[in-house]
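# Secondary and tertiary structure notes
Letter by letter, the chains look like this.
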Amino acid sequence: MLAAAATFVLTLTGCAGWGGGPGGGGPNSINVLMVNNPQMIDLQRLTADNFTKQTGINVNFTVLPENDVRDKISQEFSSQAGQYDVASLSNFEIPIYAKSKWIAPLDDYVAADQQFDQDDILAPMTQSLTADDGKLYGEPFYGESSFLMYRKDVLESNNVQMPEKPTWQQVADIAAQVDNKQPGMRGICLRGQPGWGQIFAPLTTVVNTFGGTWFEEDWTPKVDAPEFTEATKFYVDLVRSHGENGAPQAGFTECLNNLIQGNVAMWYDATSAAGSLEADDSPVKGKIGYAPAPVVKTDSSGWLYAWSWSIQQASDKKDNAWKFISWASSKQYEELVGQQVGWSSVPAGKRASTYENQDYLGVASSFAEPTKAAIESADPRNPGVQARPAIGIQFIDIPEFTDLGTQVSQYVSSSIAGQMSVDEALERGQRLAEDVAERYQSREGG
């Protein structure tokens with residue numbers, strides 16, 4: 001079944017443009033550009049018989065793989081062509097797009113739409129979708145944080161107990177204790193695949209809790225500082241000593257498969273993985289425990305990510321666009337998915353009420369509370385021990401971070417592969433960060 005699921009995902013990913021371009025115009029239609037994740041595909045299938053039937057508004061979807069949709073949204077919204085009314089953006093893009101005035105503020109719509117119930121949206125999600133001007137520019141469709149997933153049975157059989165709030169050193173000790181205690185099972189899986197959204201999603205949270213940061217508040221780059229270096233060496237040493245086979249190429253999907261297939265005893269990653277681990281056809285269903293993201297100097301260290309909806313500023317159908325967003329991110333839509341698709345497919349991670357819904361808890365009881373706690377403890381404006389120049393936990397919310405993070409990730413991945421020392425990797429990263437810092441310091445007169 002896992003292979004079938006993988007085939008399904010690959011099929012979707014290969015369907016660049018599945019759903020076509022924007023359809024016909026007219027006052028009662030809107031054009032939506034969105035990523036082809038499974039929850040979005042469910043939305044596309046449910047829209048005509050529900051949203052359109054209720055409102056009379058036709059929705060023309062353009063559905064693309066993640067990298068393609070990001071490129072297309074960037075091109076479309078930067079030009080303000082007005083071809084699309086709504087797009088799926090993450091909490092990385094939304095504050096940047098808001099600053100460029102590419103997307104419309106939603107505050108007036110929220111105030112007038114009491115049924116939407118903004119107060120039910122988990123506070124860190126609202127905060128991460130609020131720009132520096134204090135206005136809200138996005139509504140989450142689903143969200144995630146990060147936590148530690150571990151095989152309860154494996155730890156128990158080795159007389160190892162997971163602390164209620166583990167530190168990274170405790171996690172490393174547990175990884176060493178259970179490593180290879182079962183044939184072919186390593187102690188932990190950690191992403192090693194290059195990419196700002198691959199290895200640096202978990203690694204930046206480790207840097208944060210070790211006391212490090214990419215930049216100080218005045219844009220002083222700190223990539224080769226002692227704290228950033230200590231955190232990176234810890235991460236690289238842990239995955240090299242007790243991590244998965246093929247770690248330099250392992251991303252989210254590879255680690256998910258490793259835990260499902262019994263190749264690792266622990267995994268630190270996205271809370272959204274739990275649904276796959278607890279699926280009816282998962283061989284590890286009921287065997288997984290969930291602990292908060294490990295810490296060192298901070299009280300919490302989970303990341304925050306949300307696929308969300310925004311309205312293009314150039315759209316002349318903003319009222320109808322809001323009606324679609326209000327429906328797609330509503331409590332009622334979650335109920336619809338639960339009843340027609342299945343409660344395990346509900347786009348969760350955004351509303352407090354989801355975690356009080358007994359139907360949802362019936363399939364998510366083992367990970368629902370840890371997920372909600374992880375999201376609620378995430379602080380996108382204060383993720384470390386020092387003030388930051390931009391919002392973000394596992395990223396720095398500036399356009400340059402995609403290139404900076406990706407280039408430095410290639411060096412760190414090489415360190416995991418044994419081809420470069422961590423010191424050399426971060427020295428190179430510091431030079432790249434200095435180039436970025438120079439631009440911001442000159443703008444601010446620093």
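The sections below set out a description of the structure shown in this document. (Residues numbered from 1 in each chain as written. Predicted model: local features only at pLDDT ≥ 70, side-chain atom pairs only at ≥ 80, totals over all residues. Heavy atoms only, no water.)

### Describing the state of the cysteines
The criterion, for reference: Note that a disulfide, as used here, is simply two cysteine sulfur atoms within 2.5 Å. Secondary structure elements follow DSSP: runs of H or I no shorter than four residues count as helices, runs of E no shorter than two count as strands, and numbering proceeds from the N terminus. To sort residues, take the accessible area from a 1.4 Å probe on protein chains only and compare it with the maximum for the residue type: under 20% means buried, over 50% means exposed, and anything in between is partly exposed.
In total, this model carries 1 disulfide according to the counting rule given. Across a sulfur-sulfur distance of 2.3 Å, C189 and C255 are joined as a disulfide pair. Judged by the sign of its S-S torsion, about -80°, the cystine formed by C189 and C255 is left-handed. Taken as a pair, C189 in the loop between α8 (168-178) and α9 (200-209) and C255 in helix α11 (residues 252-260) lie far apart in primary sequence, 66 residues in all. For C255, a relative accessible area of 0% gives the class buried.

### Focus: the packing of helix α17 (residues 401-416) against helix α18 (residues 422-443)
Going by this rule: Simply put, an axis is a line fit to the C-alpha atoms, just over the touching stretch for a helix, and the angle between two N-to-C directions goes from 0 to 180 degrees. Working rule for angles: under 35 degrees goes down as roughly parallel, over 145 as roughly antiparallel, 65 to 115 as roughly perpendicular, anything else as oblique. Two residues form a contact once any of their heavy atoms are found within 4.5 Å.
Contact geometry of α17 with α18 gives a least axis separation of 8 Å together with a crossing angle of 175°. The angle between α17 and α18 places the two elements in the roughly antiparallel class. Contacts between α17 and α18 involve L404, Q407, V408, Y411, V412 and S415 from the former and V422, A425, L426, R428, G429, L432, A433 and V436 from the latter.

### Focus: the sheet that holds strand β4 (residues 139-144)
Filter applied, for reference: Whether two strands pair depends on DSSP finding at least two bridges between them.
Ordered in space as β2-β1-β3-β8-β4, the 5 strands form an open sheet in which the pairing is mixed. Looking along the sheet, the strands with just one partner apiece sit at the ends: β2 (58-64) and β4. Between one strand and the next, the sheet's axes are offset by a mean angle of 20°, whatever the strand orientation. Examined bridge by bridge, strand β1 (residues 29-35) and strand β3 (residues 86-90) share 2 bridges and lie parallel to one another. Counterpart to L33 in the pairing with β3 is A87. Against the sheet, helix α3 (residues 66-79) contacts β1, β2, β3 and β8 (305-311), and its axis sits at roughly 135° relative to β1.

### Notes on the pairing of β4
Most of β4 sits inside the fold, with 6 of its 6 residues counted as buried. As judged from the 5 bridges shared by β4 and β8, these two strands associate in the antiparallel manner. Directly across from Y142, in β8, lies its bridge partner W307.

### A few points about the packing of aromatic side chains
Heads up, the condition is: Stacked, tilted and edge-to-face pairs are distinguished by plane angle, under 30 degrees for stacked and over 60 for edge-to-face with tilted covering the rest, among Phe, Tyr and Trp rings (Trp via its six-membered ring) whose centres lie within 6.5 Å. A ring has a charge above it when a Lys NZ or an Arg CZ is no more than 6 Å from the ring centre and no more than 35 degrees off the ring normal.
In total, this model carries 31 aromatic pairs according to the counting rule given. A centroid spacing of 4.2 Å and a plane angle of 25° characterise the contact between W219 and Y440, whose relative ring orientation is stacked. Pair noted here: W219 is in the loop between α9 and α10 (226-242) and Y440 is in helix α18, with a separation of 221 residues, a long-range link. For W219, a relative accessible area of 2% translates into the label buried. An angle of 65° between the planes, with centres 6.2 Å apart, marks the rings of Y268 and W303 as edge-to-face. With Y268 in strand β6 (residues 266-270) and W303 in the loop between β7 (288-292) and β8, this pair connects stretches of sequence that are 35 residues apart. Each member of the pair, Y268 as well as W303, carries the same accessibility label: buried. An aromatic cluster of at least three residues, connected via ring pairs, comprises F51, F61, F141, Y142, W309, F324, W327 and Y333. Here R351 stacks its cationic end above the ring of F116, 4.8 Å away from the centre of that ring. Looking at R428, its charged tip hangs above the ring of Y411, at a distance of 5.3 Å from the centre.

### So, empty space enclosed by the protein
One way to see where empty space is left: roll a probe the size of a water molecule over the atoms. Where we set the bar: A 1.4 Å probe that fits but cannot get out identifies a cavity on a 1 Å grid over protein atoms alone, an open set with protein on both sides within 12 Å along at least five of seven lines counts as a pocket, and a residue lines either if it has an atom within 4 Å of a point. Grid points are joined across faces, edges and corners, and a volume is the space filled by probe spheres set on the points. Three classes are used, and their members are as follows: Ala, Val, Leu, Ile, Met, Phe, Trp, Tyr, Cys and Pro are nonpolar, Asp, Glu, Lys and Arg are charged, and the others, Gly among them, are polar.
If you walk through the whole model with that rule in mind, you get 1 cavity of 30 Å³ or more. Size it by volume and the largest cavity reaches roughly 50 Å³. Lining the largest cavity, in full, are N91, S128, L304, P380, I391, G392, I393, Q394 and F395. Residue classes in the lining of the largest cavity are distributed as 5 nonpolar, 4 polar and no charged.

### Here we look at the sheet that holds β7
Spatial ordering of the open sheet is given by β6-β5-β7, a layout of 3 strands whose pairing is antiparallel. The outermost strands of the open sheet, each flanked by one partner alone, are β6 and β7. On average, each strand axis in the sheet is inclined to that of its neighbour by 30°, with strand direction left out of account. Two elements, strand β5 (residues 146-151) and β7, share 5 bridges in a ladder whose sense is antiparallel. Note that in β7 the partner of Y150 across the bridge is G289. Packing against the sheet, α11 makes contact with β5, β6 and β7, and its axis sits at approximately 140° to β6.

Don't take any of this as a statement about function, it's just geometry.
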